[in-house]
Amino acid sequence: MRREIGKIGEMNDIGDVGTLAASVQPCGDCGLIAALSGNESALAQSALICAARAASLWIAMIPFSVLDLSPITVGATASDAFRNTLDLAQHAERWGYKRFWLAEHHNMTGIASAATSVVIGHVAGGTQTIRVGSGGVMLPNHAPLVIAEQFGTLASLYPGRIDLGLGRAPGSDQTTARALRRDLQGSADSFPDDVVELQRYFAEPVAGQRVRAVPGAGLNVPLWLLGSSLFSAQLAAALGLPFAFASHFAPDQMLMALKLYRAQFRPSAALERPYAMVGVNLFAADTNDEARRLFTSLQQQFVNLRRGTPGQLQAPVDRIEASEFELASVAHSLAYSAIGDRDTVREQLVSIIEQTGADELMLTAQIYDHAARLHSFEMAAQIRDELGAAAQ
């Protein structure tokens, strides 16, 4: 059965169990029943049953993780945001989430995680077991050596718990990118070389190596490539690295990116087979109406971003003041969102897993009220556990 689960993860759309059945050999029990019947249709039926079982078991094994932007709500401060971030991480650890990642954004009055490595240290120091990392660090904003030293420090303080997710976007507007001393012409083009340079800093030093990351050398901090286009998918495949797609805000090229990543993947010392994570917005509540109302905070945030007027995360509203075009544009960007009560969110998450063949889900929730945000993540953890119990 484990072999068949592996096949599912390589498919672009596992919703078609019949297609999977064509490539699946029946397990011992089903195959024996079919063989005793001497009926080819029974053999095909048993393969279909095994495929469905494998699909169910594979879905139940998918880890859930958290992406947090340390949101600053209207009237609150960055200090409030950091307290809420740590509290969420501590709850996520108790609820069995695999990772807790923070994202680099600059000059955003509603996001407090600009100094990403510092916030990662804050979270890792306040938790015990959950992996903590970046989703991501925008590498072109930094010298690879500096990032190697920062994350080498984190990995030394919290061994076996630090992830380094890398993106190539500025995490800001062009004016802010210039203030970061970013080379707007060549920084994105040098991204592959910068990733390889970073890998060298984390590897064991070699004879004659004049520049070393201290700490960092020999620690082999796990690297991830993040992206919302085909570029990082192909680079992750070429380097044999895990890949995370930002489908929670830029879903257009997700399926093609995942397909290319899996097709072009080259095994490496870091990873034997492709491993893909997809981002999903999470707004789970006790009722569908309540969940949809919570979602309006994120909708307002995206409308304001498109208008060039970003601000702090706003309270939910009954009606968003925006044009039909603006709302349609935002709806398109936020298509990969699970919004609703327990049953609705369960169906949506299972559908996303089936559609993408994801190895892991990264859930993010820009919810104004901290208690409601905790409740949303708790519900998702319960759904994950229910899926696991149903597959046993």
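As a convention, each chain's residues are numbered from 1 in the sequence order in which they are written. The model is predicted, so local features are restricted to residues of pLDDT at least 70 and side-chain atom pairs to those at 80 or more, both for listing and for counting; the totals for chains, interfaces and linings are taken over all residues. In computing side-chain properties, one takes all heavy atoms of the structure into account and sets aside hydrogens as well as water.

Draft legend 1. Here's a closer look at unusual backbone geometry. Here Gly135 and Gly136 are connected by a cis peptide whose omega angle stands at 5°. Following Val214, the chain continues to Pro215 via a peptide bond in cis, the omega torsion being -5°. Put simply, DSSP H or I for four residues or longer makes a helix, DSSP E for two residues or longer makes a strand, and each gets a number counted from the N terminus. Its location among the elements puts Pro215 in the loop between helix H9 (191–202) and strand S5 (223–227). The phi dihedral of Asn107 falls on the positive side, at around 55°, and the residue is not glycine. Mapped onto the elements, Asn107 comes out in the loop between strand S2 (99–102) and helix H6 (116–125). Of note, the phi angle at Asn220 is positive, near 50°, even though the residue is not glycine. As for its position among the elements, Asn220 is in the loop between H9 and S5.

Draft legend 2. Here's a closer look at H9. For H9, built from twelve residues, the straight-helix expectation of 16 Å at 1.5 Å per residue is met to within 8% by its first-to-last C-alpha distance of 17 Å. For every residue, the accessible area obtained with a 1.4 Å probe (protein chains only) is divided by the maximum for its type, and the residue is called buried under 20%, exposed over 50%, and partly exposed between those limits. Every buried residue belonging to H9 is among Phe191, Asp194, Val195, Leu198, Tyr201 and Phe202, and all of these are buried. Taken end-on, H9 shows its buried residues confined to a sector of 115°, consistent with a single buried face. Set apart from the buried face of H9 by more than 90 degrees, the exposed residues are Asp193 and Arg200. Whether two residues are in contact is decided by their heavy atoms: any pair within 4.5 Å suffices. Contacts made by the buried residues of H9 are with helix H7 (144–157), strand S4 (162–167), S5 and helix H10 (230–239). In this analysis, the expected span of each helix is defined as 1.5 Å times one less than the number of residues it contains. Note that the arc is defined by the directions from the helix axis to the C-beta atoms.

Draft legend 3. Examining the confidence of the model for the protein more closely. When pLDDT is averaged along the protein, the result is 87, and 82% of the positions lie at 70 or above. What pLDDT expresses is the predictor's confidence in each residue, scored from 0 to 100. Per-residue pLDDT stays below 50 along residues 1–26; that stretch engages in 57 contacts with residues further than four places along the chain or on separate chains. Counting interchain partners and residues more than four positions distant, the pLDDT-below-50 stretch residues 31–37 has six contacts.

Draft legend 4. Representation of the pairing of S4. With six of six residues buried, S4 is to be regarded as a mostly interior element. Where strand S3 (residues 131–138) lies against S4, five bridges are found, and the strand directions are parallel. Bridge pairing in S4 links Met138 to Gly167. If the strands point away from the viewer and the path from the first strand over the helix to the second runs clockwise, then the crossover is right-handed. This β-α-β element, S3 to H7 to S4, shows right-handed connectivity. When DSSP finds at least two bridges between two strands, those strands are taken to pair. Relative to S5, S4 runs parallel, the two sharing three bridges. The residue of S5 that forms the bridge with Leu164 is Leu223.

Draft legend 5. A look at the packing of aromatic side chains. Aromatic rings from Phe, Tyr and Trp, taking only the six-membered ring of Trp, are treated as a pair when their centres fall within 6.5 Å; an angle between ring planes under 30 degrees marks them as stacked, one over 60 as edge-to-face, and anything in between as tilted. Taken as a whole and assessed by the stated rule, the structure comprises seven aromatic pairs. Plain terms: the ring middles of Tyr97 and Phe377 are 5.9 Å apart, the flat faces sit at 80° to each other, and that makes the pair edge-to-face. Of this pair, Tyr97 sits in the loop between helix H5 (78–94) and S2 while Phe377 sits in helix H15 (residues 370–391), and the two are 280 residues apart along the sequence. There is no split in this pair, since Tyr97 and Phe377 are both buried. Measuring from ring centre to ring centre gives 5.2 Å for Trp101 and Trp224, while their planes differ by 85°; the resulting arrangement is edge-to-face. Of this pair, Trp101 sits in strand S2 while Trp224 is found in strand S5, placing the two residues 123 residues apart along the sequence. Of the two residues, Trp101 and Trp224, neither departs from the other in class, the shared state being buried. Taken together, Phe243, Phe245, Tyr261 and Phe265 form an aromatic cluster joined through their ring pairs.

Draft legend 6. Main features of the side chain of Ser337. With respect to the helices, strands and loops of the structure, Ser337 is situated in strand S8 (residues 337–340). Two N or O atoms count as a polar contact when they lie within 3.5 Å, although within protein this holds only if one can serve as hydrogen donor and the other as acceptor, and sequence-adjacent residues are included solely when both atoms are side-chain atoms. One polar contact links Ser337 to Asn281, side chain to side chain, over a distance of 3.1 Å. Apart from residues no more than four positions distant in its own chain, Ser337 is found in contact with Val280, Asn281, Phe295 and Gln348.

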